[in-house]
Amino acid sequence: MAELEGLEFGKSDFVLLDEVTMDQFMENLKLRFQKGRIYTYIGEVVVSMNPYRQMDIFGKETIEAYRGRELYENPPHLYAVSDAAYKAMKRRAKDTCIVISGESGAGKTEASKYIMQYIAAITNPGQRVEVESVKNVLLKSNCVLEAFGNAKTNRNDNSSRFGKYMDINFNFNGDPTGGHINNYLLEKSRVVHQQQGERNFHSFYQLLRGGSEEMLQSLHLQGDPALYVFTREGAGAATSYNDRSNHKAVMSALDVIGFSNQEITSIYQILASILLLGNVQFEVDGESVQVVEDGVVNQIAELTATDPDCVVKSLLYRTVATGGGEVIEKGHTEQDACFGREAFAKALYERLFGWIVSRINSVIEVKNYNPVLHGKNTVIGVLDIYGFEIFDNNSFEQFCINYCNEKLQQLFIELILQQEQSEYQREGITWQHIDYFNNQIIVDLVEQPHKGIISILDEACLTVGKVTDTVCLESMNTKLAQHPHYTSRKLSPTDKTMDFQKHFRIRHYAGDVTYSVEGFLDKNKDLLFQDFKRLMYNSANPVLKEMWPDGQLGITEVTKRPLTAASLFKNSIVALVDKLACKEPYYVRCIKPNEVKSPVLFDDARCQHQVAYLGLLENVMVRRAGFAYRQLYSRFLQRYKMTCEYTWPNHLMASDRDAVEAIIRQHGFQDDVAFGHTKLFVRTPRSLFTLEQERAALIPILVLFLQKIWRGALARLRCKRMRAIYTIMGCYKRYKVKAHFWEVEGRFANVRTTADYGRSVEWPAPPAALTQFHQITLMWWARQVVKNIPPSDMPEVRAKVAALTALQGERKHWGVGRAWERDYLANVRNCPQTSSDFIRVSKELKNKDGFTQVVFSGLCRKVNRFNKSTDRALLITDKFVYKLEPKKQYKILKKLPLDVFTGLSTTSGVDQMLVLHTSNKDDILLCLQRGELCPNQDRVGEVVGALVDYFTRSQTRLQHHIHKHTHLRTRTHHHTHTQTGVVLWGLLKSCVLIRCSCCTIRCCCCCLSSRSAAGILKH
Ligand SMILES: Nc1ncnc2c1ncn2[C@@H]1O[C@H](COP(=O)(O)OP(=O)(O)OP(=O)(O)O)[C@@H](O)[C@H]1O
Ligand SMILES: [Mg+2]
């Protein structure tokens, strides 16, 4: 916690100083720097000191400590502002930006990297692949852009030589979905010339020192920067930058970002071409200028996939269109040729850089974005631009860079100092005005139309005829003589730090800078002969061609004069400022503690100078007098109304302001707020944090409440719908039933009069509710049929029905189609010789045993357990079952009471075998004989039917089994029986009865158990 950071480390927020004076400010800054506390707040602004050493305050653990916390909950840190910007973006769907400013070497680029690292670490908790890949590209792009856009200067070993503004897009979830990088004015003059002790862009040294043997060979290079004019100056420069390892990192980053192999090769071919171009020399041969060594030109031609002759021609000649539309080739002077070559080298590098940025943008741009589907697309911008710089020799580039810093300072003043104060005034808050230096006057000096330096430069560039840098300086001296922030030797003749006709000085917000006007016009014109553009456009390398689309214009095609470099830069910076101004800004103000990159030295004068020009003291004053947070009453109420009983869900007070007052009173924050005309001002973030915490605790309860209400509403709605559905369904069902009856009525109208009682009439498909109904009518139909059966036929019908039920459809032939005559032995047609004998015996038995009816009588063949078969007659009456000897006038052999029978078994085949099971296991196994009535008569069904019917009616259960007719092959000790079927087993306890083609009936395996018998059968 900030409060927990002991006082020995100084004050963590400058607002807490006892007195706001420069001395106290500097004292606190120094103390904190010496104690290793490099960050200090001014409210939400972070003041960052460059530690010039690795600090143990970055990484995963620290990120976790800052994640989702309020600013004052932890010691000051970049992570805290990053989180504040992220929270504002996520909570309030506000676009935010983090502006990092400070002079060259103050630590802006490092800060921007930590900010990116933090944002990457706290987003995408779900590890979604597409979000991870966006984050990866955003992080990796840094490494590539630094290699191509940074260089060692005398002030910073890794100085950004271009401005970078990166927008990161977020979805409604707060996960990065893409981004966009804007780059500003690359200091391309560095490609061809560096000040003493400085280096060209890192990329050249990385290639020469880190490129493999084969790579360098294929690029016609040797690994020593001293061999190339463009890298010679920096070849010996000591730097903390490791070119070799960085080369590897860049190669892998290019790959990760998605550059193809051809694109990567092309990038290095262009770098090599630039290096070789620097080594091209010219000589004057009589009238004309020649290239000294053709070999280098050929290598350039090969690397750029162009024709060597064309390369030579572009270097030595320029094609111009005469007034009459004629095209002529004009030879260069040696000076022109050198100028052209350098302009070409610079342009090649600049376009390469621009192309790399646009290629990265094409990878990270937000794709398939649909605001309806994905919600508001919010943005966090991170600005890391070249810092204010003063060199011994300051040229056009420093002029542009310092102008850009003026603009950003102006934005800071506008947003933090000016706007803030004017808002207090507008809102009627009591306020004591604080003076601050407004650098608008310097901004105007540079950019004002007609009068500003850029206008004067442009005018000079447009003037036909020989206008030199000195003429331009003269013009500035005349026009700006009265300006308090402009001077030159001519205007201050006694100031010997400037030369006549060479220097002018601007009193910038951050200090006086003397610029040398030499080269200003050329750099502003940024002239490149059209011939080079055409040469590159006609390259066979598609990557190169893509970088030079303007090369397709013909010589005679009239082209508008392009905007000058300064105007282009001004426009881009104005656009940048507009972009920043519409976002909620967060500031990181970087301070460079000393000029010698020492981690311990605190150069008081240098630091105080920076504190002064950055306006930090004024910032503290405004902040101390001011309020950390302000919000329209309506919006404040909307956000916090649930924290007060008088305002939730809606207040009944006269105005929103009164309602807000009620909230504030309830929380006891009266002394920490001021009430403006339209807004509430809250002095300390703590009060706001308390409100936020309370809100966060209440939200789940509110959500539950709303869910409850909504679920109830949904359920009621669903119930209503269901009721309606059931009503409709009921009506429809009734209609369907009625319709079915109408249809049935129509079809069956006359069935009572038809012969089959409507059996042949087809039923309409019934609705589900009426499927049973069909069954009922079947019963009616059956009743109609049965009604007409004469009573004499009824026993037979009943027996047949009983047989049908008992056989369960498993026995196909059971004699249903014939008349069942029951008493076959008494039937003359069946037994013409013996029937009279039987009738007599039957009568005697009837008298003797007292039975009332014959259930069945017929001839049969009996099988005993010794495998012997004999003809017998069977008489079943309602009292007894008799076994008779047909050959001896039906002598009674066996008589069993009917009630000892417990079951009967038949087979599913056509045979006539039947087993009558008894309760005392004395089963009767027999095969019914067909008699003489009909040779194929089946009588098994009849016996089964008659017996089952009888037993059913006497309410005794008779078990019946139908055994599967099985095919088998079995061996006995007599011979092999190969024909059909076993039939019954287990019938006589332990006998298997086999019937085959050669032996009608055979009984075997007498002493086997039924299980073993089954075993045999299975064989
Ligand atoms: N937080 C830090 N921790 C350690 N070293 C740092 C830190 N910030 C800056 N430095 C050191 O300072 C050097 C310069 O920092 P950086 O490149 O960020 O400056 P800059 O403000 O971007 O300058 P320029 O305007 O020239 O681009 C870094 O190379 C690094 O050595
Ligand atoms: Mg930088």
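Remember, predicted model here, so these are calculated numbers, not experimental data. (Residues numbered from 1 in each chain as written. Chains lettered and ligands numbered in written order. Predicted model: local features only at pLDDT ≥ 70, side-chain atom pairs only at ≥ 80, totals over all residues. Heavy atoms only, no water.)

## As for the overall build of the protein
As a reminder of what qualifies: Where helices and strands are cited, they refer to DSSP runs of H or I of at least four residues and of E of at least two residues respectively, numbered from the N terminus. In this description the radius of gyration comes from C-alpha coordinates, and the expected globular size is given by 2.2 Å times residues to the power 0.38. Exposure classes here rest on a 1.4 Å probe applied to the protein chains alone. A residue is buried below 20% of its type maximum, exposed above 50%, and partly exposed in between. When checking whether two residues touch, look at their non-hydrogen atoms; a contact exists if any pair is within 4.5 Å. Throughout, the Shrake-Rupley method with a 1.4 Å probe supplies accessible areas, and for residues the shown protein chains are the sole cover considered. For the purpose of counting charges, residues Lys and Arg are taken to be positive, whereas Asp and Glu are taken to be negative. His and the chain ends are not included. Charged groups are reduced to one reference atom each: NZ for lysine, CZ for arginine, CG for aspartic acid, CD for glutamic acid.
When you go through the protein residue by residue, the secondary structure sums to 32 helices and 33 strands. Relative to the 2.2 N^0.38 estimate, which gives 31 Å for 1019 residues, the radius of gyration of the protein is 55 Å and therefore markedly larger than a compact globule would have. Along the three orthogonal principal directions, the C-alpha set of the protein runs to about 170 × 85 × 65 Å. Taken over 1019 residues, the protein has a buried fraction of 51%. Residue pairs in contact within the protein that sit at least 24 positions apart in sequence constitute 63% of those at least 6 positions apart. On the protein, roughly 49000 Å² of surface is accessible, and the fraction owed to carbon and sulfur atoms is 53%. Distance between charge centroids for the protein: 19 Å, based on 128 positive and 111 negative side chains.

## Some details on the sheet that holds strand S14 (residues 503–508)
Using the following cut-off: Think of it this way: DSSP has to see at least two bridges between two strands before they count as a pair. Lines fitted to C-alpha atoms define the axes, with helix axes restricted to the stretch in contact, and inter-axis angles between N-to-C directions lie between 0 and 180 degrees.
Pairing is antiparallel across the open sheet formed by three strands, whose spatial order is S13-S14-S15. The two strands at the open ends of the sheet, each matched to only one other strand, are strand S13 (486–488) and strand S15 (511–516). Each strand of the sheet is rotated relative to its neighbour by a mean of 25°, with strand direction disregarded. Where S13 and S14 come together, three bridges link them in antiparallel fashion. Across the sheet, Ser488 pairs through a bridge with Phe504, a residue of S14.

## A closer look at the coordination of the magnesium ion (ligand 2)
The line we're drawing: Metal sites are built from N, O and S donor atoms within 2.8 Å, or 3.2 Å for Na, K and Ca, and they leave out water, so they may look incomplete.
The protein atoms that coordinate the magnesium ion (ligand 2) are Thr109 (OG1) and Ser160 (OG), at distances spanning 1.9 to 2.0 Å. Taken as a pair, Thr109 in helix H4 (residues 108–122) and Ser160 in strand S5 (residues 159–160) lie far apart in primary sequence, 51 residues in all. Using a relative accessible area of 12% as the deciding quantity, one classes Thr109 as buried.

## Side note on the site of ligand 1
Definition in use: When we say a residue is near a molecule or strand, we mean one of its heavy atoms is within 4 Å of it. Polar contact is defined as a pair of N or O atoms within 3.5 Å, subject to the rule that within protein one atom must be able to donate a hydrogen and the other to accept it, and that residues adjacent in sequence are counted only when both atoms are side-chain atoms.
Inspection of the region around ligand 1 gives 19 residues, with Ser104, Lys108, Thr109, Ser159 and Ser160 positioned closest. Note that an oxygen atom of ligand 1 is positioned 3.3 Å from one of the backbone N or O atoms of Ala106. Here an oxygen atom of ligand 1 sits 2.7 Å away from a polar atom, N or O, in the side chain of Thr109. For ligand 1, whose unbound accessible area comes to 620 Å², protein coverage reaches 90%. Among the elements of the structure, H4 and S5 are those that each provide at least two residues to the shell around ligand 1. Ranked by residues supplied to the shell around ligand 1, first place goes to H4 with four residues.

## Topic: the pairing of strand S1 (residues 39–42)
Residues Tyr39 and Tyr41 of S1 are buried on one face, and the alternating residues Thr40 and Ile42, pointing to the opposite face, are buried as well. Of the strand pairs in this sheet, S1 and strand S2 (residues 45–49) are connected by four bridges, and their pairing is antiparallel. From the neighbouring strand, Ile42 faces S2, where its bridge partner is Val45. If you look at the hairpin formed by S1 and S2, you'll find two residues sitting between the two strands, and Gly43 has a positive phi there, around 65°.

## Concerning empty space enclosed by the protein
Quick reminder of the rule: With a 1 Å grid laid over protein atoms only, a set of points is called a cavity when a 1.4 Å probe fits there but cannot get out and a pocket when it is open yet has protein on both sides within 12 Å along at least five of seven lines; lining residues have an atom within 4 Å of a point. Grid points are joined across faces, edges and corners, and a volume is the space filled by probe spheres set on the points.
Inspection of every chain in the model, using the stated rule, returns six cavities of 30 Å³ or more. Here the largest cavity is characterised by a volume of approximately 70 Å³. In terms of lining, the largest cavity is formed by Thr109, Ser112, Asn142, Leu145, Glu146, Asn150, Ser160, Phe162, Lys164 and Asp384. At the level of elements, H4 and helix H5 (129–149) are the ones that each hand at least two residues to the lining of the largest cavity. Examining the composition of the lining of the largest cavity, we find that three residues originate from one element, H5, more than from any other.

## Considerations on the nonpolar core
Heads up, the rule is: Residues grouped as a nonpolar core are buried Ala, Val, Leu, Ile, Met, Phe, Trp, Tyr and Cys residues, joined through side-chain atoms within 4.5 Å.
Grouped together as the largest cluster of nonpolar side chains are 192 residues, with contacts concentrated most on Phe25, Phe148, Phe399 and Phe504. Leaving out residues up to four positions away in the same chain, Phe148 has contacts with Leu186, Phe201, Ser203, Val250, Ile267, Leu271, Tyr349, Leu352, Phe353 and Ile356. If you look at the next biggest cluster of nonpolar residues, it comprises 27 residues, including Leu874, Leu898, Val944 and Val948.

## Thoughts on a nonpolar patch on the surface
Formally: Within the patch definition used here, like charges are joined within 9 Å and nonpolar side chains (Val, Leu, Ile, Met, Phe, Trp, Tyr) within 5 Å, considering only residues with over 30% relative accessible area and no salt bridge. Within this document, salt bridges are pairs made up of a side-chain nitrogen of Lys or Arg and a carboxyl oxygen of Asp or Glu, the two lying within 4 Å of each other.
Residues Met722, Ile725, Tyr726 and Met729 make up a contiguous nonpolar surface patch of roughly 380 Å² in combined accessible area. Mapped onto the elements, Tyr726 comes out in helix H27 (residues 685–747).

## Quick word on the pattern of salt bridges
Scanning all chains against the criterion turns up 51 salt bridges. Taking the shortest distance from any N to any O, the salt bridge between Glu692 and Arg639 comes out at 2.9 Å. With Glu692 in helix H27 and Arg639 in helix H25 (residues 633–640), this residue pair connects regions lying 53 residues apart in the sequence. On the accessibility criterion, Arg639 (17% relative accessible area) is buried.

## Topic: the environment of His960
Structurally, His960 can be placed in strand S27 (residues 959–963). Sequence separation of His960 and Gly730 is 230 residues, and the distance between their C-alpha atoms is 48 Å. In contact with His960, not counting residues within four places along its chain, are Ala806, Leu904 and Val948.

## Focus: the packing of H25 against helix H26 (residues 656–667)
Selection criterion: Angular relationships are summarised with four words: roughly parallel below 35 degrees, roughly antiparallel beyond 145, roughly perpendicular across 65 to 115, and oblique for the angles in between. Should the near helix be turned anticlockwise from the far one by less than a right angle, the crossing is termed left-handed; should it be turned clockwise, right-handed.
With their axes 9 Å apart at the nearest point, H25 and H26 run at an angle of 45° to one another. Between H25 and H26, the angle is such that the two are oblique. Taken as a pair, H25 and H26 cross one another with a handedness that is left-handed. Counted together, Tyr633, Ser634, Phe636, Leu637 and Tyr640 of H25 and Asp656, Arg657, Ala659, Val660, Ile663 and Ile664 of H26 form the full contact between these two elements.

## Considering the sheet that holds strand S19 (residues 679–682)
In space, the three strands of this open sheet follow the order S17-S19-S18, with antiparallel pairing throughout. With one partner strand each, in any of the chains shown, strand S17 (629–632) and strand S18 (673–675) form the two edges of the open sheet. Within the sheet, the average angular offset between the axes of one strand and its neighbour, ignoring direction, is 20°. Relative to S19, S17 is paired through four bridges, and the arrangement is antiparallel. Residue pairing in the sheet places Arg630 in a bridge with Phe681 of S19. Most of the contacts of H25 go to S17, to which it runs at about 100°, and overall it touches S17, S18 and S19. Lying on the sheet, H26 is in contact with S18 and S19; it crosses S18 at an angle near 165°.

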